[in-house]
Amino acid sequence: MEILRNKGGRYRGLQDGDNSIIFSVYTNVRFGGISPDRRGLTSTLIFDTPPGARDPAVGQRESFWKRMRGKRLMPGGLVALIWKTFDSVSIYLGIVANSVPEFLNAVKESASELVIRVAFFDRNVESRILQWYHTGDTSPGETRVLIEAPVLYEAVRPFLKELQGDSTSIPFSEYLVSRSDVPSITPPRYATAPHFRWNLSPLLRHGQDFRLDVKDPTSISDARRILREESTLDPSQADALVDGLTRELTLVQGPPGTGKVCTA
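Residues numbered from 1 in each chain as written. Predicted model: local features only at pLDDT ≥ 70, side-chain atom pairs only at ≥ 80, totals over all residues. Heavy atoms only, no water.

A. Focus on the pattern of salt bridges. Under the criterion given, the structure shown has 18 salt bridges. Across the pair Arg 117 and Asp 37 runs a salt bridge whose closest N-O atoms are separated by 3.2 Å. Here Asp 37 lies in strand E4 (residues 30-37) and Arg 117 lies in strand E8 (residues 113-120), a separation of 80 residues in the sequence. Among the residues examined, Arg 117 registers a relative accessible area of 14% and is labelled buried. Residue Asp 239 is joined to Arg 228 by a salt bridge in which the shortest nitrogen-to-oxygen separation is 2.6 Å. Of this pair, Asp 239 sits in helix H7 (residues 235-246) while Arg 228 sits in helix H6 (residues 217-230), and the two are eleven residues apart along the sequence. Ionic contacts of the salt-bridge type, sharing partners, join the residues Arg 224, Arg 228, Asp 239, Asp 243 and Arg 247 into one network. (Salt bridge = Lys/Arg side-chain N within 4 Å of Asp/Glu carboxyl O. Helix = DSSP H or I, 4+ residues; strand = E, 2+ residues; numbered from the N terminus. Buried < 20%, exposed > 50% of the residue type's maximum accessible area, 1.4 Å probe, protein only.)

B. Local environment of a nonpolar patch on the surface. On the surface, Val 151, Val 156, Phe 159, Leu 160 and Leu 163 cluster together into a nonpolar patch covering about 450 Å² of accessible area. Counting residues per element, the nonpolar patch draws most heavily on helix H4 (residues 153-163), which supplies four residues. Taking the relative accessible area as the measure of exposure, Val 151 reaches 35% and is therefore partly exposed. (Patch = residues over 30% accessible without salt bridge, like charges linked within 9 Å, V, L, I, M, F, W, Y side chains within 5 Å. Areas by Shrake-Rupley, 256 points an atom, 1.4 Å probe, with all protein chains shown as cover.)

C. The nonpolar core, seen in detail. Judged by nonpolar contacts, the single largest core of 26 residues is most densely connected at Leu 45, Phe 47, Trp 65, Leu 81, Ile 116 and Leu 146. Elements supplying a minimum of two residues to this core: strand E5 (40-48), helix H1 (58-67), strand E6 (77-84), strand E7 (89-96), helix H2 (100-109), E8 and helix H3 (124-135). Other than its neighbours up to four places away in sequence, Leu 45 contacts Val 29, Arg 30, Phe 31, Leu 114, Val 115, Ile 116, Val 118, Phe 120 and Leu 146. Grouped together as the second largest cluster of nonpolar side chains are 13 residues, Phe 210, Ile 220, Leu 227 and Ala 238 included. (Core = buried A, V, L, I, M, F, W, Y, C linked by side-chain atoms within 4.5 Å. Contact = heavy atoms within 4.5 Å.)

D. Looking closely at H7. Taking 1.5 Å of rise per residue, twelve residues should cover 16 Å, and H7 covers 16 Å from first to last C-alpha, within 8% of that figure. For H7, a buried count of nine out of twelve residues is recorded, marking the element as mostly surrounded by other parts of the structure. Among all positions of H7, only Gln 237, Ala 238, Asp 239, Ala 240, Leu 241, Val 242, Asp 243, Leu 245 and Thr 246 are buried. (Expected span 1.5 Å × (residues − 1).)

E. Structural detail: the packing of H6 against H7. One way to put it is that H6 packs onto H7 with a least axis distance of 9 Å and a crossing angle of 145°. The handedness of the crossing between H6 and H7 is right-handed. Across the interface between the two elements, Ile 220, Ala 223, Arg 224, Leu 227 and Arg 228 of H6 pack against Pro 235, Ala 238, Asp 239, Leu 241, Val 242, Asp 243 and Thr 246 of H7. Taken together, the residues of the contact of H6 with H7 break down into seven nonpolar, one polar and four charged. (Axes fitted to C-alpha atoms, helices over the stretch in contact; angles between N-to-C directions. Left-handed = near helix turned anticlockwise from the far one by under 90°. Nonpolar A, V, L, I, M, F, W, Y, C, P; charged D, E, K, R; others polar.)

F. Layout of the environment of Leu 251. Here Leu 251 lies in the loop between H7 and helix H8 (260-263). Separated by eleven residues in sequence, Leu 251 and Ala 240 have C-alpha atoms that sit 8.6 Å apart.

G. View of the packing of H1 against H2. It is at 9 Å that the axes of H1 and H2 come closest, and there the two elements cross at 145°. Relative to H2, the crossing made by H1 is right-handed. Together, Val 58, Arg 61, Glu 62, Trp 65 and Lys 66 of H1 and Phe 103, Leu 104, Val 107, Lys 108 and Glu 109 of H2 make up the contact between the two elements. Considering only residue class, the contact of H1 with H2 consists of five nonpolar, no polar and five charged.

H. Focus on the side chain of Asp 48. By the element assignment, Asp 48 lies in strand E5. Using a relative accessible area of 14% as the deciding quantity, one classes Asp 48 as buried. Separated by 3.4 Å, the side chains of Asp 48 and Asn 28 make a polar contact. Among the polar contacts made by the side chain of Asp 48, one reaches the side chain of Arg 30 at a distance of 3.5 Å. (Polar contact = N/O pair within 3.5 Å; in protein donor to acceptor, adjacent residues only side chain to side chain.)

Here you go:
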């Protein structure tokens, strides 16, 4: 893992081992206007264009940022304004509020500056920006940078908001909410009906017949063995399938191409 710098020595991001950017840093943040938006008030931020995106040709700059769509400064993306003075450091979180066409139009205007609108979560930042307008950018030792995380905040916002409420109202809260003891995961309720059985025969070779009873530990053990021996599933896939059929909550994970869709 390494911190990337531009030629002037300024940080521009943190990179992990597979060359993916964990976060991006934009320097020399200034402010434009404050305007209304469907999210409330949004603040215009102006900052230095990062290295690699300063091509003097308008078409090249536009092409660069079109390739970056979904990766850098995307609408709804999470950003943090770091505002350092000689005696304090403040952090203001927000989301990118401008549309892609709006951003691309700004890209065409300048090779050295980028312009975005941000809807900050902390309303106090607008008052501070207005104060900045009044005094000008003259405070000694003051530094402002924008940190961008590759997180589409709007996609996860409903889940985060729900987590702020009563944790017991979350589905499967007995498993998902932090607790000192490890709960026993029960079978799906419908699978515990007296005559319910999972028909695993379509997965077995030679037309064998096998029906899994989630209420019977022996049947569960037999299902694992038979799927390993008489199906095309490998042992980990067989276990994932049985776990998914016998538990009301199962996490199946693995890298691409490991058969998660087949066993989930």
